[in-house]
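Here is how the chains run, residue by residue.
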Amino acid sequence: TERNANEPEFHQAVKEVLESIEPVFDKHPEYKDAGILERIVEPERQIIFRVPWVDDEGNVQVNRGFRFEFNSALGPYKGGLRFHPSVYAGIVKFLGFEQIFKNALTGRPIGGGKGGSDFDPKGKSDAEVMRFCQSFMTELYRHIGPSTDVPAGDIGVGGREIGYLFGQYKRIVNSFDAGVLTGKGLDWGGSLVRTEATGYGLVYIVEELLKDHDDSFEGKDIVISGSGNVAIYATEKAQELGANVIALSDSSGYVYDSEGIKLDTVKRIKEVERGRIKEYVEEHPSAEYVAESFDIWNVECDIALPCATQNELDEDSAKVLVEHGVKIVGEGANMPCTPEAVEVFQENDVFYIPGKAANAGGVATSAIEMTQNGMWDSWSFEKVDAELNKIMVDIYNNASTIAKEYGMEGDLVAGANIAGFLKVANSMLDQGVV
Ligand code: NDP
């Protein structure tokens with residue numbers, strides 16, 4: 001802990017994994033001898049850099065940029081970029097560490113990494129966002145590449161930002177290396193379904209869990225936090241499968257619509273106008289707006305899908321959800337439930353799917369995008385969607401089977417952590433002490 005002082009999110013993520021994999025070390029003393037643990041918690045490379053840019057008023061602004069290349073045992077570093085004022089080394093490290101195991105679970109040849117900046121895209125003009133992205137890439141380009149490190153989007157980084165980042169990369173290296181970034185536009189190397197992938201994937205894995213218990217989404221009340229990329233497409237797929245999504249949020253508050261969220265309105269407000277979720281009630285006055293985002297968990301539901309940010313669902317919220325009879329919690333965001341909240345779910349027999357399994361559909365589809373770029377090809381929506389669905393079903397089965405094997409039936413936290421860890425640890429063993 002002294003080595004990584006003042007990084008509580010990173011400690012939280014590491015502790016959860018280390019607790020789960022204890023039984024693995026009893027079975028595999030060779031991991032200990034090879035120093036796997038000491039190596040896996042240390043990023044292979046940590047890059048922190050200055051990002052200077054000029055705002056619309058002509059003032060010079062300075063942000064901090066990060067790219068942490070965590071583990072390349074399985075393939076090139078892969079993971080998103082987050083632009084949010086809360087970004088600092090501890091956030092990038094927790095996300096990068098989680099990414100190692102998540103990427104392993106997808107079955108694709110991708111290592112783990114993460115990056116971003118404390119830049120806040122909110123309220124900035126397109127021109128400001130472009131100048132920031134160009135400055136960010138002017139440093140980042142030298143560290144990344146299609147077989148080295150392949151960034152993508154995350155909070156605050158969507159199609160617009162990936163476009164500006166790619167434009168600057170291409171200009172500097174003088175080469176159209178489509179595989180250097182994922183989440184690209186459909187006209188220039190992007191993959192169909194990548195935009196929808198994390199939200200759809202989350203719903204696919206929950207659907208598999210429901211099927212496993214002879215149940216379905218039909219008629220279920222669902223609460224989804226956030227109203228960004230993951231939340232919107234989780235809502236879309238859940239509604240398609242017959243569920244009733246009744247609440248969505250942003251960092252200012254949440255909306256509750258007992259008749260079911262009208263997704264067209266949300267898409268327009270969030271994707272086109274870049275507005276706030278409270279504007280939803282102007283169009284649908286029978287819906288209710290509450291100016292307290294994390295109170296969204298007071299809304300009664302069968303399934304809760306936290307899709308906003310880390311530690312957004314705490315012990316008290318978990319207790320309220322349990323009191324209200326929640327059956328399933330699936331994490332669309334990374335580490336949205338605090339450890340205490342997870343304990344409440346597990347003690348009360350709520351099915352809980354951790355983020356590294358539940359939201360792996362995004363990065364899995366990014367890997368499919370890389371495959372298409374490598375082949376100079378583009379696949380149909382149906383083909384990518386079917387592949388995504390299969391990956392999510394495989395992740396569920398893999399995590400369930402491993403949990404059972406280690407005597408922890410139904411514990412998908414243990415199952416996901418162990419399954420991901422084994423693949424990475426074995427690859428590290430094969431490749432020697434590097
Ligand atoms: P977006 O930026 O598209 O949306 C984020 C949403 O969460 C917004 O509604 C935002 O509200 C809300 N939010 C963000 N920070 C906070 C906060 N501190 N408090 C309350 N609400 C907050 O991001 P994504 O949808 O892409 O990402 C959401 C989560 O999913 C993240 O944890 C991300 O790491 C994870 N994830 C994303 C993947 C992807 O493919 N995009 C893949 C795997 C995981 P506001 O607009 O007010 O800021």
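On a predicted model such as this, the values are computed, not experimentally measured, just so you know.

**Details of the UniProt feature "binding site: NAD(+)" (unreviewed entry) in the chain**
Part 1 of the argument: Per the UniProt annotation, the sites labelled "binding site: NAD(+)" (unreviewed entry) are Thr198 and Asn229. The largest pairwise C-alpha distance within this set of annotated residues, which runs over 32 residues, is 8.1 Å, so the set is compact in three dimensions.
Part 2 of the argument: Following the sequence through the fold, Thr198 ends up in helix α7 (residues 197-212).
Part 3 of the argument: The exposure class of Thr198 is buried, given the 30 C-beta atoms found within 10 Å.
Part 4 of the argument: If sequence neighbours within four positions are ignored, Thr198 has contacts with Asn229, Val230, Tyr233, Gly332, Asn359, Gly361 and Gly362.
Part 5 of the argument: In this fold, Asn229 is placed in helix α8 (residues 229-240).
Part 6 of the argument: Residue class for Asn229 comes out buried when judged on the 25 C-beta atoms lying within 10 Å of it.
Part 7 of the argument: Sequence-distant contacts of Asn229, that is, excluding residues within four places in its chain, are made with Gly158, Thr195 and Thr198.

**As for the sheet that holds strand β8 (residues 254-256)**
Part 1 of the argument: As summarised here, the arrangement of the seven strands in space is β9-β8-β7-β6-β10-β11-β12, forming an open sheet in which the pairing is mixed. The open sheet has two free edges, formed respectively by β9 (288-290) and β12 (351-353), since each of these has just one partner strand. Averaged over all pairs of adjacent strands, the angle between strand axes in this sheet comes to 15°, irrespective of strand direction.
Part 2 of the argument: Against the sheet, α7 contacts β10 (303-306), β11 (328-330) and β12, and its axis sits at roughly 150° relative to β11.

**A look at the domain arrangement of the chain**
Part 1 of the argument: Partitioning the chain into domains gives domain 1 (8-18 + 40-179) and domain 2 (197-353).
Part 2 of the argument: Taking the mean C-alpha position of each, domain 1 and domain 2 sit 26 Å from one another.
Part 3 of the argument: Facing nine residues of domain 1, the contacting portion of domain 2 comprises seven residues.
Part 4 of the argument: Those elements that place two or more of their residues in the side of domain 1 that touches domain 2 are α1 (8-27) and α4 (89-105).
Part 5 of the argument: The leading source of residues in the side of domain 1 that touches domain 2 is α1, at four residues.

**Concerning unusual backbone geometry**
Part 1 of the argument: With a phi angle near 55°, Asn174 is a residue other than glycine that sits in the positive phi range.
Part 2 of the argument: Looking at where Asn174 falls in the secondary structure, it is placed in the loop between α6 (159-173) and α7.
Part 3 of the argument: Judged by C-beta crowding, with 6 C-beta atoms within 10 Å, Asn174 ranks as exposed.
Part 4 of the argument: Positioned with a positive phi, Asp214 is a non-glycine residue whose angle comes to about 50°.
Part 5 of the argument: The topology assignment puts Asp214 in the loop between α7 and β6 (221-225).
Part 6 of the argument: Look at Asp214 and you get exposed, because 6 C-beta atoms sit within 10 Å.

**Digging into the UniProt feature "binding site: substrate" (unreviewed entry) in the chain**
Part 1 of the argument: UniProt feature "binding site: substrate" (unreviewed entry): in the numbering of this structure it lies at Lys78, Gln99, Lys102, Gly153 and Ser366.
Part 2 of the argument: With respect to the helices and strands, Lys78 occurs in strand β3 (residues 77-83).
Part 3 of the argument: We classify Lys78 as buried; it has 30 C-beta atoms within 10 Å.
Part 4 of the argument: Each residue touching Lys78, except ones within four places of it in the same chain, is listed here: Asn103, Ile110, Gly111, Gly112, Gly113, Val150, Val363 and Ser366.
Part 5 of the argument: Among the structural elements, Ser366 can be located in helix α14 (residues 361-375).
Part 6 of the argument: Beyond its immediate sequence surroundings of up to four residues, Ser366 is in contact with Lys78, Ala152, Thr182, Gly183 and Arg194.

**As for the site of the ligand**
Part 1 of the argument: The full set close to the ligand counts 23 residues, and Gly228, Ser251, Ala308, Ala333 and Gly362 are the nearest of them.
Part 2 of the argument: Tallying contributions element by element places α8 first for the shell around the ligand, with three residues.
Part 3 of the argument: Its residues assigned to classes, the shell around the ligand comprises six nonpolar, 15 polar and two charged.
Part 4 of the argument: When residues are assigned to domains, the shell around the ligand turns out to be shared by domain 1 (8-18 + 40-179) and domain 2 (197-353), each giving three or more.

So, how was this worked out
- Residues numbered from 1 in each chain as written.
- Predicted model: local features only at pLDDT ≥ 70, side-chain atom pairs only at ≥ 80, totals over all residues.
- UniProt positions renumbered as here; feature names shortened; annotations may be inferred.
- Helix = DSSP H or I, 4+ residues; strand = E, 2+ residues; numbered from the N terminus.
- Buried ≥ 20, exposed ≤ 12 C-beta atoms within 10 Å, placed from the backbone.
- Contact = placed C-beta atoms within 7 Å.
- Pairing = 2+ DSSP bridges.
- Axes fitted to C-alpha atoms, helices over the stretch in contact; angles between N-to-C directions.
- Domains from an automatic or database assignment.
- Near = placed C-beta within 6 Å.
- Nonpolar A, V, L, I, M, F, W, Y, C, P; charged D, E, K, R; others polar.

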